[in-house]
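Architecture at a glance
Chain by chain, the residues run as shown.
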Amino acid sequence: MLYNIWVDEIKKALDKLGGRASLEDIYNTMERNSGINLSKYTDWRSQVRKNIYLHSSDTDIFKYTTGGKMDLFHSIDGKGKGIWALRFFERDTLDDDSQEAIAKKRNPSWKRDELILALNLYFSHNPSKINNKHVEVVKLSKILNSLPIHGDQANPDNFRNPNGVYMKMCNFLRFDPNYKGKGLERGSKLEKEVWDEFYKEKNKLHNIAQSIILGITYEKEQVSQTINRDEEEEFPEGKILYRLHRQRERNSSVVKKKKRLAMEKNNLKCEICTFDFFKKYGELGYGFIECHHAKPISDYKEDTKTKLEDLVLVCSNCHRMLHRKRPWLSKEQLRQLIKQ
Ligand SMILES: [Zn+2]
Ligand SMILES: [Zn+2]
């Protein structure tokens, strides 16, 4: 046996966790399922730590050859952060099935909706003052697990667990001018985008976060269906609110009424640029128009009823343009813009 039993178990745990994980997750995974009788040890967690350190050239106590067979673990973001990866987690040498299995174990990257919720919590509970056991962190972890946006890509072992949520909150520290420490260095581009968009607009962020939670609570079915993958990726308020917005624009009887009234007046055209689908496309375009709901989706309340005057008939181009800017352009503003 090349390695001791501890090292084998740590490797197994990291493997299960997709190749990288926090100490916390490694402990939890080993606790659930391990070849070692952990209860025999008064402090088995320190055994785990010690064996990671002994087998990582990122530590001072490492005695073997750097990059050699005994250099097994690699510290992400520095030793103090407690996040470890298997140094040789070689995807390329694996067959397709194993690669797929690993891809499944790696959790999907955080989407806008999730970052919005995490940043919102960041502003009410600064991560430098709480820890991963905090009740709000645990609560957010549950909410993220109920968001219908990742399908079966999530690894049930550790998807958005409290520790992952807490670490994501810590990722925002590096942007915060009020934070004196260094913060985690690595992070996604989207984190920066979401931070830049909202750090001066905490109230707006809070409303959006509330609306997302209301949306998944009261309209679970509607927000579970992808309508347009590309568009929802771009929507600044995230997938959930995009779906909610589009649902409102599609199904409600008020939308049908709006169209019917326009057709009766023979006036089914874009209220902004006057594009007329029937004139342009003949039979094919007959009766076609899109409908934009002009009320910002971040004002979503569970019992908001759509009113006729909230709706604007638009062509597909104008509709996309309306969605592009925050706050949304009004019908008049976009009209003005086209004239120039
Ligand atoms: Zn138009
Ligand atoms: Zn719209």
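Conventions used here
- Each chain carries its own residue numbering, running from 1 in the direction its sequence is written.
- Naming scheme: in the order in which they are written, chains are lettered from A and ligands are numbered from 1.
- Only residues with pLDDT of at least 70 are given local features in this predicted model, and only at 80 or more are side-chain atom pairs given and counted; all residues enter the totals for whole chains, interfaces and linings.
- Only hydrogens and water are set aside; all other atoms, that is, all heavy atoms of the structure, feed into the side-chain values.
- Runs of H or I in DSSP of at least four residues are treated as helices and runs of E of at least two as strands, each being numbered from the N terminus.
- Distance and chemistry together define a polar contact, namely a pair of N or O atoms within 3.5 Å, with one atom able to donate a hydrogen and the other to accept it when in protein, and with adjacent residues in sequence counting only for side-chain atoms on both sides.
- Throughout, a contact is declared for two residues whenever any of their heavy atoms are within 4.5 Å.
- A simple rule labels every residue: compare its accessible area, found with a 1.4 Å probe on the protein chains alone, to the largest value its type can have, and call it buried under 20%, exposed over 50%, or partly exposed in between.
- We call two strands paired when DSSP finds no fewer than two bridges between them.
- What the arc measures is the spread of directions leading from the helix axis to the C-beta atoms.
- Boundaries between domains were set according to an automatic or database domain assignment.
- When two components associate, each loses some accessible surface as probed by a 1.4 Å sphere; the sum of these losses over both components is called the buried area.
- Coordinating donors are taken as N, O and S atoms within 2.8 Å of the metal, stretched to 3.2 Å for Na, K and Ca; because water is absent from the atoms, sites can appear incomplete.
- Think of a nonpolar core as a cluster: buried Ala, Val, Leu, Ile, Met, Phe, Trp, Tyr and Cys residues, connected wherever their side-chain atoms sit within 4.5 Å.
- Convention adopted: a line fitted to C-alpha atoms gives each axis, helices being fitted over their contacting stretch, and angles between N-to-C directions are expressed from 0 to 180 degrees.

1. Let's talk about the side chain of Asn161
Mapped onto the elements, Asn161 comes out in the loop between α6 (135-146) and α7 (162-171). A distance of 2.8 Å separates the side chain of Asn161 from the side chain of Asp25, its partner in a polar contact. The contacts of Asn161, once residues within four sequence positions are left out, are Asp25 and Ser141.

2. Brief notes about the pairing of strand β4 (residues 290-293)
Taken residue by residue, a regular strand's side chains alternate between the two faces of the sheet. Of the two faces of β4, the one carrying Glu290 and His292 and the one carrying Cys291 and His293 are both buried. Bridge count between β4 and strand β5 (residues 311-314): four bridges; the pairing is antiparallel. Following the sheet pairing, His292 is matched in β5 by Val312.

3. So, helix α14 (residues 316-324)
Taken together, the buried positions of α14 are Cys318, His319, Leu322 and His323. Viewed end-on, α14 has its buried residues packed into an arc of 140°, placing them on one side of the element. Exposed residues on α14 whose side chains face more than 90 degrees from its buried face are Asn317 and Arg324. For α14, the secondary structure elements touched by its buried residues are α11 (239-250), β4, β5 and α15 (331-339).

4. Things to note about the domain arrangement of the protein
Once the domains are mapped, the protein shows domain 1 (5-105), domain 2 (112-222) and domain 3 (252-339). Distance from the C-alpha centre of domain 2 to the C-alpha centre of domain 3: 33 Å. Counting residues at the interface gives eight residues for domain 2 and seven residues for domain 3. Surface buried jointly by domain 2 and domain 3 totals about 580 Å² across both partners, of which 54% is contributed by carbon and sulfur atoms.

5. Overview of the coordination of the zinc ion (ligand 2)
Protein coordination at the zinc ion (ligand 2) comes from His245 (NE2), Glu249 (OE), His292 (ND1), His319 (NE2) and His323 (NE2), with a distance range of 2.0 to 2.3 Å. When the donors of the zinc ion (ligand 2) are listed by position in the chain, the intervening gaps give H-x3-E-x42-H-x26-H-x3-H. In this pair, His292 is assigned in strand β4 and His323 in helix α14, connecting sequence segments 31 residues apart. Under the relative-accessibility criterion, His323 is labelled buried at 8%.

6. Quick notes on the nonpolar core
Core analysis: the biggest nonpolar cluster contains 40 residues, and Ile116, Leu117, Leu119, Leu140, Leu147, Phe172 and Ile212 have the highest contact counts within it. Elements with a contribution of two residues or more to this core: α5 (112-124), α6, α7, α8 (189-198), α9 (202-218) and α11. Broken down by element, this core gets its largest block of residues, seven residues, from α5. Both domains that furnish three or more residues to this core are identified here as domain 2 (112-222) and domain 3 (252-339). Grouped together as the second largest cluster of nonpolar side chains are 23 residues, Val7, Ile36, Leu38 and Met70 included.

7. Quick look at the side chain of Lys239
Mapped onto the elements, Lys239 comes out in helix α11. Given the relative accessible area of 5%, Lys239 is considered buried.

8. Topic: helix α2 (residues 23-32)
Residues Leu23, Asp25, Ile26, Tyr27, Thr29 and Met30 constitute the buried set of α2. Buried residues in α2 make contact with α1 (5-16), β1 (20-22), α3 (44-54), β3 (83-86) and α7.

9. Let's talk about the sheet that holds strand β2 (residues 73-76)
Reading across from one edge, β1-β3-β2 is the order of the three strands in this open sheet, with antiparallel pairing throughout. Every other strand in the sheet has two partners, leaving β1 and β2 as the edge strands with one partner each. Recorded for the sheet is a direction-independent mean angle of 30° between the axes of neighbouring strands. Inspection of the sheet shows β2 paired to β3 by four bridges, in the antiparallel sense. In the sheet register, Ile76 faces β3, and the bridge partner there is Ile83. Sheet strands touched by α1: β1, β2 and β3. Its angle to β3, the strand with the most contacts, is close to 95°.

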